[in-house]
Every structure is written in C-alpha cells, then in structure tokens.
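Topology and contacts: notes
The primary structure of each chain is shown beneath.
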Amino acid sequence: MKDRRKRGVLIPWNVFFWCTLIVVFLSGFTFSTLRLVSTGGFHPKLVSSWRNPAMEITSGESPPTPAISVGESVVFPDQALVFLKYPPSTPLLTKDDIKCVYSFPNSSHAEQKLPPVATDEYPDHQIVRCSLQPRGSLVAVSSKSTGYLPVGPSHHWNWLAYEAVIDRDNTTLVFVKGLNLRSGRVSNSSRFECVYGWDLSKPKFLLTSDVVSIAQEIVRCKTPLSILNSPERGVNNTMKVSVRVVRRGILPSVARPEHLLEPAPSTRRRHEMCICTMLRNQARFLREWVMYHSRIGVQRWFIYDNNSDDNIDNVVESLVNGKFNVSRHVWPWIKTQEAGFAHCALRARDSCEWVGFIDVDEFIHLPTDLSLHDVLGNRSRPSNVAELRMSCYNFGPSGLKRVPVKGVTVGYTCRLIARERHKSVVRPEALNSTLINVVHHFHLRDGFAYENADRNVLLINHYKYQVWEVFKEKFYRRVATYVSDWQEEKNVGSKDRAPGLGTRAAEPGDWSSRFCEVTDTSLRDRVLRTFTNPNTGMLPWQDQPDEQ
C-alpha cells in the first residue's frame, strides 16, 4: 500500500525567505494588529485587535521601541519556563522587575502575583521560571515597565524538541524528549524525519530532511543546504527544528539550531584536561571542587546548570575573577543528563584534549601524588586509547551531622570497601557520532578503545552519602534520563538509591554512622598538605575558620 502520509511541500529556503519578506512588507499592518489571548489552559489563539492599535504615531514623533513579548512556555512538574523575546539592544528585565501572574479560569479566586523563582539569560531570549503553585492556575508574566504579557504557546517538557546544534559536518543534532528509546542503543531511523521552519504548525511551509542516526534522546539529521545558507542562521535566529514521528506527528519545539563553528587554529586543543558537570543547587560546594581540580591539572570547567536557585552565577563570577576558566551554561531541561553531557562534549571537543564527566560531589584522586598531566601525557601521543575508566569509592557521613567547614575532601573520611561503577575521562574527538552515553561512559568510534585506570594511580572519591542536610536534595529529582526519581515506587533496589531509605526523605536516626566500613584519609591528607594557608590554617575555599 502506498504511503498516504501528507508531506510538506519542499520549497527552497531562499525563495521562501524572500517571498515571506515581501508578504510581510505588503501586509505588515496586519501583523501589528494581532495579539495572543489565552483560551483556557495553555492553548492561546490569535485574535484581531485592530480597533485598539498598539501604538499611535503623530507627526514629528519617533515610533516607540517594540514591546517585549512572550515567545512560548514549557511546563515542568513544578515550574513553568516562560521565554521572553526582546527587541534588539533592549536591556533584560531584572528578577525584581518581573512578576509571575496566576489567574484562575472559571473561578472566583482573585488574580495573584508572585516573584519568579529565577531568571536566566538564554540564546535570543530570557527565561523566567515561575512556580506552578497555586495549583489549577494559569501562569503569565508582568513587569513594571511592560505591564501584563499574555500567555504564549505552551508545551509539556516530556514531549518536546528542546535543543539543537549544527555540527561541524553540517548535520543537525536535535535533542528531544518523548521518544522513549532504549538506553545505550541505536534505534531504527525509518520512523522519523526532521522538519525545519519558522512555524511548525504550518506543514506546507516546512522543509524536511532524513535522519542519519537516532539514539536515546539525540537525533542527527541531514541539514538542507538552504538552511545552512539561510540569512537567519546565527543572531536572532527564529527558525526551529523538530522531529516528525510516524503516526504521532511533529514534536513541539523550542529548539533553534546553534551553529558550531570551526575553531581558530590558535585555540584548537589548548586545554589538556577539562570537566563537564550538571548540577542543581550545588553552588556552596563549587569553589572547593574547582580549586582542588585546578591544582591536579584541570584547566577548563563547563557547568550545566539544571535550574539552580542558589545564586550560582555569583559563585561562577567569583571563580572567573579568580582566573579559573569556568563557564555556566543554562540547561533547564529535566531528566536529561545524558543529553547534556553529549551537548557538552560537542562544545569541549575543539578546545579540550580530554574531558571528564563527573558530578560536583566526585573528586578525581591520584593516590601517588601525580598530576593529571603525568597520567594523560603518555596517552595523548598517537594511541587508540580514548577513554580512561576510573573506579568510584562511595563515602558516608563519617559521623558528621553538619556540613564540614573545611569541605567534603577533609570532612568525610569513612567509606564503603567495595568500589561501585566507574566514571570516565574521554577524548571527545573519538566519540561515536551517535553520542550515546550512559552517564558513566560514552560509545567510541571504531578503532578506539577504553582502558581501566589502575586504582592505585587514578580513582574517584565519591562523597555520595553526605550529612542529611545535603543528601536529602537527591530526593528532589534525579537528573539522569533512565533513572527513576526516588519518590517513585520504581527500581527501588537500584544501586542509584541509598540502601534502606525507600521513597521518603525521612532521616534515619543512625544516618551519620551509615556507609562506613573503612577509614580512608588519603585525599584528606593531600588536601591539608597542599592547600592549607600556613598563616591562617584555612583552606582557600573556606568562608570561616574551623570551629573544631
């Protein structure tokens, strides 16, 4: 039987672009008389407001600056991300200028205004994060300068194309939620195709392209030449990309392709060792983690911030001012650690010879006092070794009930005997084009292999079970895609969970003495010997002297 699916008409992009400009020029007044109106839920419609023109120009006056507007929003279980669009050169509103507005359709409840959880800069947009409380309300945004901004189109977080990059081979990588593909495997691409356009709800004006590969949450597509040559590519790009699934339709999208340019020859591979991490509300531990790893040879840090609200940007700024090469990348997408690590690998590939993928509670330890340069130097020569797998040892609260003043490396000294899993340092240039990873390691291209690091030379101290005040944060949400949140009655026996805790964040009476089978002060001793200020007795990341 012939395939009866309706397919978009393939119009050369340059023709479409210039035709659209002509249409806009001839009917521009029509576009200026449309506004978004919420029809209940998050499903807006466009209605005419020509009887109430948005602006009035009198002789001799300059037209006012175009208004800030709501582009769209994404709904998470506990927050809504509202994307604000700004005219060129318009300064961003501050958090104090913005209010999240909650209305109650079909209810007598009065409208409520609350401060946003946070605001963040995002490519060509500003993200406003609004709590979904109170329940049953619709969320909009207002500010002192703009007034009320109507709700734009809204999407759900788990059925969405959320990020996209055009790789240096000119293929497009689309990061998606909702396909529910198996972990660690390449999937059949015949059921999928990529679509490009300014408005994905208008199939007649979409460009389509074949899928090269699809695995986990990453779809690699052939990029049409008209897209690569589009004058819209780059600054203020409004073109979106998404994925069409057979019998399920096109995923909603907030993904606008970012082009990964070839690096200048002078910047290529200038860092021998870099680190990628994803975190949420770990700012108070970041200084110790960066400063320690800098001493053993890490030169560059990529911080993927997964909806923190603990002023992490101030901590990153202080580290940058201290000459640490740290960058914060806003990554609001939940349950996407594997995809975030793949995205980071692409960003790090052209400037980093090796990249480690570890968490902020994980510290690379060299028991013989070597540096990472000593360990990686021999493997940077022509070699097929492209991944070093490091054993992880899990530390417990070590008898503590408060966060240790001198930091985790000094405070926690008791661990479990058995090693658990591993974390990896990889050469990003050698990664498989599918970018498959299962958090602990990536798939490599043919011809490359991994090596298990000698644990007497290179390992990971994982301060997994810290004092309860810190540990309970893990119950909020797990960042990995294929790991169940701890409040759910799923995979209760998984090694990812803390043994014996179940699904409730209730502190056991003996928590401080758990997970303690052997005393291990090796890293503590090195830190105290290397970092202690002889005059003050303090470590560089300490805010106050030790109270003990």
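Residues numbered from 1 in each chain as written. Predicted model: local features only at pLDDT ≥ 70, side-chain atom pairs only at ≥ 80, totals over all residues. Heavy atoms only, no water.

**With respect to the overall build of the protein**
- Across its full length, the protein carries 10 helices and 31 strands.
- Per-residue burial over the protein gives 51% buried out of 548 residues.
- Considering only contacts within the protein whose residues lie at least 6 apart along the sequence, 72% involve residues at least 24 apart.
- Only carbon and sulfur atoms are counted for the fraction: they give 51% of the accessible area of the protein, which is about 26,900 Å². (Helix = DSSP H or I, 4+ residues; strand = E, 2+ residues; numbered from the N terminus. Buried < 20%, exposed > 50% of the residue type's maximum accessible area, 1.4 Å probe, protein only. Contact = heavy atoms within 4.5 Å. Areas by Shrake-Rupley, 256 points an atom, 1.4 Å probe, with all protein chains shown as cover.)

**Brief notes about the pattern of salt bridges**
- For the structure shown, the criterion picks out 23 salt bridges.
- Of the charged contacts, one joins D167 and R220 as a salt bridge, the two residues approaching to 3.2 Å between their closest N and O atoms. On the criterion of sequence distance, the pair formed by D167 in the loop between β12 (160–166) and β13 (171–177) and R220 in strand β17 (residues 218–222) is long-range, its members being 53 residues apart. In terms of burial, D167 and R220 fall into one category: buried.
- In this structure, R514 and D510 form a salt bridge, with 3.0 Å as the shortest nitrogen-oxygen distance.
- The exposure class of R514 is partly exposed, given its relative accessible area of 22%.
- Exposure remark for D510: the relative accessible area of 38% places this residue in the partly exposed category.
- Taken together, the shared-partner salt bridges in this structure form one network comprising D167, D169, R220 and R349. (Salt bridge = Lys/Arg side-chain N within 4 Å of Asp/Glu carboxyl O.)

**Here's the deal with the packing of aromatic side chains**
- One pass over the structure, following the stated rule, counts 25 aromatic pairs.
- On the basis of an interplanar angle of 45° and a centroid distance of 4.9 Å, the ring pair of F395 and Y463 is categorised as tilted. On the criterion of sequence distance, the pair formed by F395 in the loop between β26 (385–394) and α8 (408–411) and Y463 in the loop between β30 (459–462) and α9 (468–471) is long-range, its members being 68 residues apart. Y463 matches F395 in its accessibility class, with the two residues each being buried.
- In textbook terms, an aromatic cluster arises when at least three aromatic residues are bridged by ring pairs, as seen for F76, F83, Y122, Y162, F175, Y304, W331 and W333. (Phe/Tyr/Trp six-rings, centres within 6.5 Å; stacked < 30°, edge-to-face > 60°.)

**Focus on the pairing of β12**
- Of all seven residues making up β12, seven are buried, and the element is well covered by its neighbours.
- In the sheet, β12 pairs with β13 via six bridges, with the strands oriented antiparallel. Bridge assignment links L160 to a residue of β13, and that residue is K177.
- Where β12 folds back on β13, the antiparallel hairpin that results is connected by four residues, among which N170 adopts a positive phi of roughly 70°.
- Bridging between β12 and strand β20 (residues 258–259) involves two bridges; their strand directions are parallel. Residue pairing in the sheet places V165 in a bridge with E258 of β20. (Pairing = 2+ DSSP bridges.)

**What about the sheet that holds strand β8 (residues 125–131)?**
- The five strands are arranged β7-β8-β4-β3-β11 in an open sheet whose pairing can be described as mixed. The strands lining the two open edges of the sheet, one partner per strand, are β7 (118–122) and β11 (154–156). Between one strand axis and the next, the sheet turns by 25° as a mean value, whatever way the strands run.
- Here six bridges tie strand β3 (residues 69–75) to strand β4 (residues 79–85), and the two strands are oriented antiparallel to one another. Looking at the pairing, S73 lines up with V82 of β4. (Axes fitted to C-alpha atoms, helices over the stretch in contact; angles between N-to-C directions.)

**What to know about the nonpolar core**
- Within the largest apolar cluster, 48 residues are counted, with the highest numbers of intra-cluster contacts made by M273, L286, W289, W301, I364, L372 and L458.
- No other element matches helix α4 (residues 283–296), which puts eight residues into this core.
- For L286, the contacting residues outside a window of four places in its chain are L279, I303, I312, V315, V316, L319 and V360.
- Core analysis: the second largest hydrophobic core is formed by 42 residues, I127, C276, I334 and V439 among them. (Core = buried A, V, L, I, M, F, W, Y, C linked by side-chain atoms within 4.5 Å.)

**Quick word on the sheet that holds strand β18 (residues 240–245)**
- Within the open sheet, the four strands sit side by side as β15-β14-β18-β19. Their pairing is antiparallel. With one partner strand each, in any of the chains shown, β15 (207–209) and β19 (249–250) form the two edges of the open sheet.
- Where β18 lies against β19, two bridges are found, and the strand directions are antiparallel. Of the residues in β19, the one forming a bridge with R244 is I250.

**Quick word on the state of the cysteines**
- For the structure shown, the criterion picks out five disulfides.
- Each sulfur of the disulfide joining C100 and C130 lies 2.0 Å from the other. A torsion of -85° about the S-S bond marks the disulfide between C100 and C130 as left-handed. Of this pair, C100 sits in strand β5 (residues 98–103) while C130 sits in strand β8; the two residues are 30 residues apart in sequence, bridging distant segments of the chain.
- On the accessibility criterion, C100 (0% relative accessible area) is buried. (Disulfide = S-S within 2.5 Å.)

**Regarding the side chain of D305**
- Here D305 is to be found in strand β22 (residues 300–305).
- Judged by its relative accessible area of 2%, D305 falls in the buried class.
- Of the polar contacts made by the side chain of D305, one reaches the side chain of S308; its length is 2.6 Å.
- For D305, the contacting residues outside a window of four places in its chain are L279, I312, R328, H329, V330, W331 and P332. (Polar contact = N/O pair within 3.5 Å; in protein donor to acceptor, adjacent residues only side chain to side chain.)

**Re helix α10 (residues 522–531)**
- When α10 is considered as a whole, its buried residues turn out to be L523, R526, V527 and F531. Buried positions in α10, seen along its axis, are confined to an arc of 100° and lie on one side of it.
- In this fold, the buried residues of α10 make contact with α4, β25 (362–365), α8 and β30. (Arc of directions from axis to C-beta.)

**Structural notes on the packing of α4 against helix α5 (residues 312–321)**
- Where α4 meets α5, the axes come as close as 9 Å, and the angle between the chain directions of the two elements is 25°. Our classification of the angle between α4 and α5 gives roughly parallel. Between α4 and α5 lies a crossing whose hand is right-handed. Residue-level contacts link A283, L286, R287, V290 and M291 of α4 to I312, V315, V316, S318 and L319 of α5.
- Within the contact of α4 with α5, the residues separate by chemical class into eight nonpolar, one polar and one charged. (Parallel < 35°, antiparallel > 145°, perpendicular 65-115°, else oblique. Left-handed = near helix turned anticlockwise from the far one by under 90°. Nonpolar A, V, L, I, M, F, W, Y, C, P; charged D, E, K, R; others polar.)

**Description of the environment of W289**
- Mapping W289 onto the fold places it in helix α4.
- On the accessibility criterion, W289 (0% relative accessible area) is buried.
- In sequence terms W289 and D359 are 70 residues apart; their C-alpha atoms lie 9.5 Å from each other.

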